Amino acid sequence: MRILCVSDVVNKYLYTSENSLGIKPDFIISCGDLPKDYLDFLMSKFNVSLFFVQGNHDNYYKQDYEKSTGFLGNSKFDFYSAYDYKKVFGGIDLDRKLINFKGLSMIGFQGCNKYNNGIHQYTQDEMYRRVRATYLKLFFRKVFLSSTVDIVVTHAPPYGIHDRDDIVHTGFKVFLELIEKFRPKYFLHGHTHLYDINEN
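Residues numbered from 1 in each chain as written. Predicted model: local features only at pLDDT ≥ 70, side-chain atom pairs only at ≥ 80, totals over all residues. Heavy atoms only, no water.

K.L.:
Would you take a moment to explain helix 5 (residues 173-182) for this structure?
P.N.:
Three- or four-residue spacings in an α-helix give side chains the same orientation, since the helix completes a turn every 3.6 residues. The set of residues buried in helix 5 consists of Val 174, Phe 175, Leu 178 and Phe 182. One side of helix 5 carries all its buried residues, which in axial view fall inside an arc of 105 degrees. Elements that come into contact with the buried residues of helix 5 comprise strand 6 (104-109), helix 3 (124-132), helix 4 (135-144), strand 9 (151-154) and strand 10 (186-188). Looking one or two places after helix 5, you find Arg 183, whose phi comes out positive at around 45 degrees. (Buried < 20%, exposed > 50% of the residue type's maximum accessible area, 1.4 Å probe, protein only. Helix = DSSP H or I, 4+ residues; strand = E, 2+ residues; numbered from the N terminus. Arc of directions from axis to C-beta. Contact = heavy atoms within 4.5 Å.)

K.L.:
What's the story with the packing of helix 4 against helix 5 in this structure? I'm lost.
P.N.:
Two quantities define a packed helix pair, namely the angle between the helix axes and the distance between the axes. Axis separation between helix 4 and helix 5 bottoms out at 11 Å; the angle between their running directions is 15 degrees. The angle between helix 4 and helix 5 places the two elements in the roughly parallel class. In the packing of helix 4 onto helix 5, the handedness of the crossing is right-handed. Across the interface between the two elements, Tyr 135, Leu 138, Phe 139 and Lys 142 of helix 4 pack against Val 174, Glu 177, Leu 178, Lys 181 and Phe 182 of helix 5. Taken together, the residues that form the contact of helix 4 with helix 5 break down as 6 nonpolar, no polar and 3 charged. (Axes fitted to C-alpha atoms, helices over the stretch in contact; angles between N-to-C directions. Parallel < 35°, antiparallel > 145°, perpendicular 65-115°, else oblique. Left-handed = near helix turned anticlockwise from the far one by under 90°. Nonpolar A, V, L, I, M, F, W, Y, C, P; charged D, E, K, R; others polar.)

K.L.:
How should I be thinking about the sheet that holds strand 1 (residues 3-6) in this particular structure?
P.N.:
Think of a sheet as strands paired side by side through backbone hydrogen bonds, with each pair either parallel or antiparallel. Overall, parallel pairing links the 4 strands, which are arranged 1-2-3-4 in an open sheet. The sheet terminates laterally at strand 1 and strand 4 (92-93), the two strands that pair on one side only. Looking at chain direction, strand 3 (residues 49-52) and strand 4 are connected through 2 bridges and run parallel. Residue Phe 51 lies in a different strand from strand 4, and its bridge partner there is Ile 92. This element, helix 2 (residues 36-46), spans strand 1, strand 2 (27-30) and strand 3 of the sheet and lies at about 165 degrees to strand 2. (Pairing = 2+ DSSP bridges.)

K.L.:
Looking at this structure, how should I read the pattern of salt bridges?
P.N.:
Working definition: two side chains of opposite charge can pair if their charged atoms are close together. Counted according to the given criterion, the structure contains 6 salt bridges. Across the salt bridge formed by Arg 130 and Asp 95, the nearest N and O atoms sit 2.7 Å from each other. With a gap of 35 residues between them, Arg 130 in helix 3 and Asp 95 in the loop between strand 4 and strand 5 (99-101) connect regions that are remote in the sequence. Like Arg 130, the residue Asp 95 is buried in the burial classification. With its nearest N and O atoms 3.5 Å apart, the salt bridge here joins Glu 126 to Lys 114. Of this pair, Glu 126 sits in helix 3 while Lys 114 sits in the loop between strand 7 (112-113) and strand 8 (121-122), and the two are 12 residues apart along the sequence. Classification of Glu 126 by relative accessible area gives partly exposed; the value is 24%. Linked through salt bridges whose partners overlap, the residues forming this network are Asp 95, Arg 96 and Arg 130. (Salt bridge = Lys/Arg side-chain N within 4 Å of Asp/Glu carboxyl O.)

K.L.:
Could you clarify how one ought to interpret the sheet that holds strand 6 in this entry?
P.N.:
The 4 strands are arranged 5-6-9-10 in an open sheet whose pairing can be described as mixed. On the outer flanks of this sheet lie strand 5 and strand 10, each paired with one strand and no other. Between one strand axis and the next, the sheet turns by 25 degrees as a mean value, whatever way the strands run. Relative to strand 9, strand 6 is paired through 4 bridges, and the arrangement is parallel. When the bridges of strand 9 are listed, Gly 108 appears paired with Val 153.

Distances and angles like these do not, on their own, reveal function.
Encoded structure:
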C-alpha cells in the first residue's frame, strides 16, 4: 500500500510535474500546516481519500479563510481562498478519532506546544488529557481485536524525537507513552523541518 504523506511545505513537484502522477498513492495523510486548497487539489489529482490533522497555522473550519501567499509567494497557484470549506473540503479529520480504512487503523492529534495562546496549541497537561481520552478505544481494540492502531498522525513530534529546544517545537511527552502502550506501526508527524538527513 502506498501512502502520500505531506506536511508544512507545499511541494511544487506534486502540482507542477506530470511525473508525480506516477506516485499512485492509495490515500493521502497530511500532518498539518498546509493550505486546504492544496490538499483539495491533491485529492482531486490522485483521486484518493485524504486524512489530516491540523497544525498550529491551520484553521480548516473557519468560514472565511484569510487570503495569504505565504506558502507559494507569487506562484500562479493561489491555494488560499475565502469561502466556506465546510461545504467543499473533503478531507477526513483524524483528531482524536480512531478510523479504519482499507484494513489500516489510524488516529490523530492536532496542534503543537502552547507558545502564544493561538489556535491548536496545548500545554503538556492539556495534550495528556486529549490523548488519554482516546485510550479506552485503543484498549478495546487491543483486548477484543488483538490489535491497537497501525498509524498515529500528529502535527507535533514526540518529546525528544525530532523536536527542538525552543518552546514552539518542543514535542509532547504523552506521545512517548502512547507509543509505549500501543506500539503503532508508524508514527507520522510534521511541525519540525528536517534539513539534514544526518539529523536524528
